[in-house]
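Structural overview for review
Given next are the chains, with one letter for each unit.
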Amino acid sequence: MQMTLRWYGTGYDTVTLKQIRQIPGVTGVISTLYGTQPGETWKMEDILALKKEIEDAGLSLAGIESVNIHDAIKIGTPDREQYIDNYITTLERLGQADVHMVCYNFMPVFDWTRSELARKRPDGSTVLAYNQAAIDAIVPEKMFESIAGEMNGTVMPGWEPERMAHVKELFEAYKDVDDEKLFANLKYFLERIMPVCDKYDINMAIHPDDPAWSVFGLPRIIINKKNILRMMQMVDNPHNGVTFCSGSYGTNLENDLPDMIRSLKGRIHFAHVRNLKFNSQQDFEEAAHLSSDGSFDMYELMLALYDIGFDGPIRPDHGRMIWDEVAMPGYGLYDRALGATYLNGLWEAIEKSHERGIK
Ligand code: DNO
């Protein structure tokens, strides 16, 4: 595996490439052209400039998170053809620039959903949190306004003000899209892009829906083992793979995370590893990465990844806001650096135990 950190780019991220380079064991970043809109074709010069900036800092561009999918593709309107063509052109250019992993999601309207971006934990850190009753009390169109004030002046991924200004229309456009339709539209999209992925060896890595159930009555399909295996089989190409995000699949306590990892052998192209602390089935908050701080056994997750021979990029995920850092919620430097170091430590121990024949 390659340990990486997500980086939003100069002008968007409070964390610098120089800082990332100094986290031991982190050799790459996962980035994107943050200023582009879903559906737009990425310019070759912008891709190359991003890559050069990262490489000049002594890191590699280990993949893209995300090339976002235009709503027309998810809804399945006739103009999706144009947007899929644009997507193919972007993939072609990424392939030519030697980028081989692309993370994306197929969530209608909202990307991830949380009810709080700065819940205080007993140690004084703040974290993103989800409370079902609080979500149920929010009018979806007001969701953006209700959390915008907690973004620390940053623009959070999936919550771009341009899209959020049209939330009402978006809900209307999705009214006839149910789970089956969404599956069919995903299949259509994947079948169209697989030839270019084959040509340039691009691993597509779908991100799970977060939380892993329907919110605001919108369909959500990338939520559990059954659905994800259905997706792998419906377009049975190794380039059709997943981002295994423990914090997203883990929102549903019925998901057996190590078992899911093992069942996806060969199809996990990217891993987001983080911990959650459940206060009840309906209320969870994002903990430190360490097993003892949350509800997941992080050793078991890393062991499962090791056992399936996972060799793609991995990254610590949302961190707590600690040590008075002011950054995009979940994406500060300090706690993610601690997370990367912890995950690297687990991996080293697993690797060495294996070499010494200790199980
Ligand atoms: C949130 C992220 C998501 C993720 C997208 C992938 O912090 O995990 O925004 O990047 O769903 O397309």
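Residues numbered from 1 in each chain as written. Predicted model: local features only at pLDDT ≥ 70, side-chain atom pairs only at ≥ 80, totals over all residues.

1. Looking at the overall build of the protein chain
Rules: Secondary structure counts use DSSP, requiring at least four H or I residues in a row for a helix and at least two E residues in a row for a strand, with both numbered from the N terminus. It is over C-alpha atoms that the radius of gyration is taken, and the globule rule equals 2.2 Å times the number of residues to the power 0.38. To sort residues by burial, count the other C-beta atoms lying within 10 Å of each one's C-beta; a count of 20 or more means buried, 12 or fewer means exposed, and anything in between means partly exposed. C-beta atoms are built from the backbone. Contacts are defined on C-beta atoms placed from the backbone: any two residues whose C-beta positions lie within 7 Å are in contact.
Assigned secondary structure in the protein chain consists of 14 helices and 12 strands. Taken over C-alpha atoms, the radius of gyration comes to 19 Å for the protein chain, in line with the 21 Å a tight globule of 359 residues would show. With respect to the three principal axes, the spread of C-alpha positions in the protein chain is 55 × 50 × 40 Å. Here the protein chain holds 359 residues, and 43% of them are scored as buried. Counted over contacts in the protein chain with a minimum sequence separation of 6, partners at least 24 positions apart contribute 74%.

2. Some points on the sheet that holds strand E12 (residues 313–316)
Here is the rule we go by: When DSSP finds two or more bridges between a pair of strands, those strands are recorded as paired. Interaxial angles span 0 to 180 degrees and are taken between N-to-C directions of axes, which are lines fitted to C-alpha atoms, for helices over the stretch in contact.
An order of E1-E2-E3-E4-E7-E8-E9-E12 is seen for the 8 strands of this closed barrel, with the pairing classed as parallel. On average, adjacent strands in this sheet sit at an angle of 30° to one another, irrespective of strand direction. Note that strand E1 (residues 2–6) and strand E2 (residues 28–31) share 3 bridges and pair parallel. Residue pairing across strands places Thr4 opposite Gly28, the latter belonging to E2. Docked against the sheet, helix H2 (residues 44–56) engages E2 and strand E3 (60–65), running at close to 135° with respect to E3.

3. Structural notes on unusual backbone geometry
Look at the link from Glu65 to Ser66: it is a cis peptide, with omega at 0°. Positionally, Ser66 belongs in the loop between E3 and helix H3 (71–75). Geometrically, the link from Asp210 to Pro211 is a cis peptide bond, its omega value of 5° lying close to zero. Topologically, Pro211 is positioned in the loop between strand E7 (203–207) and helix H10 (225–234).

4. Considerations on helix H13 (residues 298–307)
Within H13 the residues assigned to the buried category are Met298, Leu301, Met302, Leu303, Ala304 and Leu305. Considering only its buried residues, H13 is in contact with helix H11 (246–249), helix H12 (257–263), strand E9 (268–273) and helix H14 (334–355). One or two positions beyond H13, positive phi appears at Gly309, with a value near 75°.

5. Notes on the pairing of strand E11 (residues 283–286)
Where strand E6 (residues 126–131) meets E11, 3 bridges bridge the pair, whose relative direction is antiparallel. Opposite Asn131, over in E11, you have Asp283 as the bridge partner. Pairing of strand E10 (residues 276–280) with E11 involves 4 bridges; the strand directions are antiparallel. Bridging across to E11, Phe278 finds its partner in Phe284.

6. As for the packing of helix H4 (residues 80–96) against helix H9 (residues 179–200)
Cut-off, in case you're wondering: We call two directions roughly parallel when the angle between them is under 35 degrees, roughly antiparallel when it is over 145, roughly perpendicular when it lies between 65 and 115, and oblique otherwise. Rotating anticlockwise by less than a right angle from the far helix to the near helix defines a left-handed crossing, while the corresponding clockwise rotation defines a right-handed one. Under the scheme applied here, ten amino acids are nonpolar (Ala, Val, Leu, Ile, Met, Phe, Trp, Tyr, Cys and Pro), four are charged (Asp, Glu, Lys and Arg), and all others, including Gly, are polar.
The interhelical angle for the contact between H4 and H9, taken along N-to-C directions, is 15°, at an axis separation of 10 Å. In terms of orientation, H4 and H9 fall into the roughly parallel class. As H4 runs across H9, the sense of the crossing is right-handed. For the pair H4 and H9, contact is made by Ile84, Tyr87, Ile88, Leu91, Glu92 and Gly95 and by Phe189, Arg192, Ile193, Val196, Cys197, Lys199 and Tyr200, respectively. Of the residues assigned to the contact of H4 with H9, the class counts are 9 nonpolar, 1 polar and 3 charged.

7. Describing the nonpolar core
Here is the rule: One nonpolar core equals one set of buried Ala, Val, Leu, Ile, Met, Phe, Trp, Tyr and Cys residues connected by C-beta atoms within 7 Å.
The biggest cluster of nonpolar side chains holds 88 residues, and the ones touching the most others in it are Ile20, Val29, Val102, Ala205, Ile261, Ala271 and Leu301. The dominant element in this core, judged by the number of residues it contributes, is H13, at 6 residues.

8. Quick look at the site of the ligand
How we decide: Residues are counted as near a molecule or strand when the C-beta atom, derived from backbone positions, lies within 6 Å of that molecule or strand.
In the vicinity of the ligand, the contacting residues are Glu65, Ser66, Cys103, Tyr104, Asn105, Asp111, Trp112, Pro157, Gly158, His207 and Gly330. Top element by residues in the shell around the ligand is strand E4 (residues 101–105). It accounts for 3 residues.

9. Comments concerning the pairing of E6
With 3 bridges joining them, strand E5 (residues 116–120) and E6 adopt antiparallel strand pairing. Along E6, the bridge assignment pairs Glu116 with Ala129. Taking the residues between adjacent antiparallel strands as the criterion, E5 and E6 are bridged by 5 residues, where Gly124 takes a positive phi near 90°.

10. Brief notes about the sheet that holds E5
Taken together, the 4 strands give an open sheet; going across it, the order is E5-E6-E11-E10, and neighbouring strands pair in antiparallel fashion. Whereas interior strands pair on both sides, the edge strands pair on one side only; in this sheet they are E5 and E10. Strand-to-strand twist of the sheet, defined as the mean angle between neighbouring strand axes without regard to direction, takes the value 35°.

11. A closer look at the environment of Asp56
Here Asp56 shows up in helix H2. Taking the C-beta count within 10 Å as the criterion, Asp56 has 9 such neighbours and is therefore assigned exposed. With 236 residues separating them in the primary sequence, Asp56 and Ser292 have C-alpha atoms 38 Å apart.

12. Observations concerning the environment of Gln22
Relative to the elements of secondary structure, Gln22 occurs in the loop between helix H1 (17–21) and E2. Residue Gln22 is classed as exposed on the basis of its 12 C-beta neighbours within 10 Å. For Gln22 and Ala337, which are 315 residues apart along the polypeptide, the C-alpha to C-alpha distance reads 9.4 Å.

13. Some words on H9
The line we're drawing: To estimate the expected span of a helix, count its residues, drop one, and scale the result by 1.5 Å. The angle between axes fitted to the seven-residue stretch ending at a residue and the seven-residue stretch beginning at it gives the bend at that residue.
Between its first and last C-alpha, H9 extends 31 Å over 22 residues, near the 32 Å set by a 1.5 Å rise per residue. The sharpest bend along H9 comes to roughly 40°, located at Ile193, with the proline Pro195 sitting one to four residues further on. Among the residues making up H9, those that are buried are Leu182, Asn185, Leu186, Phe189, Ile193 and Cys197. Where the residues of H9 are buried, they touch H3, H4, E7 and H10. Note on H9: the residue one or two positions beyond its end, Asp201, has a positive phi of about 55°.

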